[in-house]
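One letter stands for each residue in the lines below.
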Amino acid sequence: MFRQTYKNTIKNLLRSPVFWFILIVLVFTVMYDEYTGHFGGDTDPTFVLDYQNFVQTMTNVTCAGILFYPLPIFTTFTVVLILNRDYGDKFYEIEKCAGLRPSTYILGRLAALVTVNFVVLVLLNITASIYYTFSRGGVEGHTAMELIKEILIRTIRLDIFVAMPTVLFYIGITYLVGALFKNGIPAAVTSIGYVIAFYMGFLMFRYRVDPLYFDYLSPVPWKLRQYFHYYQTEWWEDSLIRNDLSIGKVAICIAFLSGVGIVGSLIAYLCTRKRNV
């Protein structure tokens, strides 16, 4: 039953015109950001991308280009599409009549949402990073294959340890609000409102408020982002000291984001158990 719920959820998403529209908007937004560049003068034909800027670009694409608002909005809509199907079409009640357990139903839904968002995240991140790197003429002293290999390694590492906790965070809070209100609209308003509030707050208040929130408790924690910024480079050790980073602080960031996702999912499960046929 888990497998069937998982497959049906993915099918429902892929058959939705709204899903494809939001995906197109996501791809356009991210790729346009790479087209306009990350550094002063990097759209000039004479610009030379050195290795340090190349490494910085991997984090910039993942965090500033994808995680600050494009992917969270996409993630929110994927959850809302499923919520509307559940509550609008009474999909769960139909499945429950066939003997489906609430825990299996929720796990199947969440697993499908995580899968779709992770696949989109990885493919988009790799594509955007490759486009930016080679549209700037590559990196001096590195072959195309060396750059592609490093892009794959760095991008996938960032996606697993930095981006996926953010995805779990937004899936959790969106599913929670939708389950509480039995409707996807309040869930969309809540999550997208939070995306906007975080983005505007980061731009305007990053250095004006207590660093606890932006360093550890925001959807894209600064400590988590900076830990992997220069990972496995000659600048990494200095970055750890300069930014006061440690694996323990990274664990706090990941635990918080994943914890919000898990708690939100558990509450959504409890709400689902109370639904009657």
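In this report, we go over the structure that sits alongside the text. (Residues numbered from 1 in each chain as written. Predicted model: local features only at pLDDT ≥ 70, side-chain atom pairs only at ≥ 80, totals over all residues. Heavy atoms only, no water.)

1. Thoughts on the packing of aromatic side chains
Logical step 1: Within the structure shown, the criterion is met by 27 aromatic pairs.
Logical step 2: Consider the rings of phenylalanine 169 and tyrosine 170, whose centres lie 5.2 Å apart with planes at 90°: the pair is edge-to-face. You'll find phenylalanine 169 and tyrosine 170 in the same group, each marked buried.
Logical step 3: Centre to centre, the rings of tyrosine 231 and tryptophan 236 are 5.0 Å apart; their planes meet at 75°, and the pair counts as edge-to-face.
Logical step 4: The exposure class assigned to tyrosine 231 is partly exposed, which follows from its relative accessible area of 21%.
Logical step 5: Of the residues examined, tryptophan 236 reaches a relative accessible area of 17% and is grouped as buried.
Logical step 6: Taking the ring centre of tryptophan 222 as reference, the NZ or CZ of arginine 206 above it sits at 4.6 Å. (Phe/Tyr/Trp six-rings, centres within 6.5 Å; stacked < 30°, edge-to-face > 60°. Buried < 20%, exposed > 50% of the residue type's maximum accessible area, 1.4 Å probe, protein only. Lys NZ or Arg CZ within 6 Å of the ring centre and 35° of its normal.)

2. Some points on the nonpolar core
Logical step 1: One finds Leu26, Phe54, Leu71, Phe74 and Tyr175 to be the most contacted residues of the largest nonpolar core, which totals 66 residues.
Logical step 2: Excluding anything up to four places from it in sequence, tyrosine 175 contacts Val79, Leu83, Asp86, Tyr105, Ile106, Arg109, Leu110, Leu113 and Ala268.
Logical step 3: Residues Tyr170, Ile173, Val195 and Leu257 belong to the second largest nonpolar core, which totals 5 residues. (Core = buried A, V, L, I, M, F, W, Y, C linked by side-chain atoms within 4.5 Å. Contact = heavy atoms within 4.5 Å.)

3. Some points on helix α2 (residues 17–36)
Logical step 1: Compared with an ideal rise of 1.5 Å per residue, which puts 20 residues at 28 Å, α2 spans 29 Å between its outermost C-alpha atoms and is within 8% of the ideal.
Logical step 2: For α2, every residue scored as buried is listed here: Phe19, Ile22, Leu23, Leu26, Val30 and Glu34. The buried residues of α2 occupy one face: seen down the axis, they fall within an arc of 110°. Residues of α2 that are exposed and angled more than 90 degrees away from the buried face: Pro17, Phe21, Ile24, Phe28 and Tyr35.
Logical step 3: Trailing α2 by a residue or two, glycine 37 shows a phi angle of about 100°, which is positive. (Helix = DSSP H or I, 4+ residues; strand = E, 2+ residues; numbered from the N terminus. Expected span 1.5 Å × (residues − 1). Arc of directions from axis to C-beta.)

4. Concerning unusual backbone geometry
Logical step 1: Of note in this structure, lysine 182 is not a glycine but carries a positive phi near 55°.
Logical step 2: Its location among the elements puts lysine 182 in the loop between α7 (144–181) and α8 (184–205).

5. Digging into the environment of aspartate 159
Logical step 1: Looking at where aspartate 159 falls in the secondary structure, it is placed in helix α7.
Logical step 2: Along the backbone, aspartate 159 and alanine 128 are 31 residues apart, and their C-alpha atoms lie at a distance of 13 Å.
Logical step 3: Leaving out residues up to four positions away in the same chain, aspartate 159 has contacts with Thr62, Phe118, Leu121, Val122, Asn125 and Met164.

6. Overview of the environment of tyrosine 132
Logical step 1: Residue position: tyrosine 132 is located in helix α6 (residues 102–135).
Logical step 2: Residues tyrosine 132 and threonine 36 lie 96 residues apart in sequence; the distance between their C-alpha atoms is 9.4 Å.
Logical step 3: The residues touching tyrosine 132, leaving out its near neighbours within four places in the chain, are Glu34, Gly37, His38, Phe39, Asp42, Phe47, Leu49 and Thr57.

7. Examining a positive patch on the surface
Logical step 1: On the surface, a cluster of positive charge is made up of Arg3, Lys7, Lys11 and Arg15.
Logical step 2: Residue position: lysine 11 is located in helix α1 (residues 2–14).
Logical step 3: For lysine 11, a relative accessible area of 36% gives the class partly exposed. (Patch = residues over 30% accessible without salt bridge, like charges linked within 9 Å, V, L, I, M, F, W, Y side chains within 5 Å. Areas by Shrake-Rupley, 256 points an atom, 1.4 Å probe, with all protein chains shown as cover. Salt bridge = Lys/Arg side-chain N within 4 Å of Asp/Glu carboxyl O. Lys, Arg positive; Asp, Glu negative; His and termini not counted. Charge placed at Lys NZ, Arg CZ, Asp CG, Glu CD.)

8. Thoughts on the packing of helix α3 (residues 51–67) against α7
Logical step 1: In the contact formed by α3 and α7, the axes pass within 10 Å of each other and the chain directions differ by 35°. Remark: the crossing between α3 and α7 carries right-handed chirality. Between α3, through Tyr51, Phe54, Val55, Met58, Thr59, Thr62, Cys63 and Leu67, and α7, the contact on the second element is made entirely by Leu147, Glu150, Ile151, Arg154, Thr155, Leu158, Asp159, Val162, Ala163 and Thr166.
Logical step 2: Of the residues contributing to the contact of α3 with α7, the split by class is 11 nonpolar, 4 polar and 3 charged. (Axes fitted to C-alpha atoms, helices over the stretch in contact; angles between N-to-C directions. Left-handed = near helix turned anticlockwise from the far one by under 90°. Nonpolar A, V, L, I, M, F, W, Y, C, P; charged D, E, K, R; others polar.)

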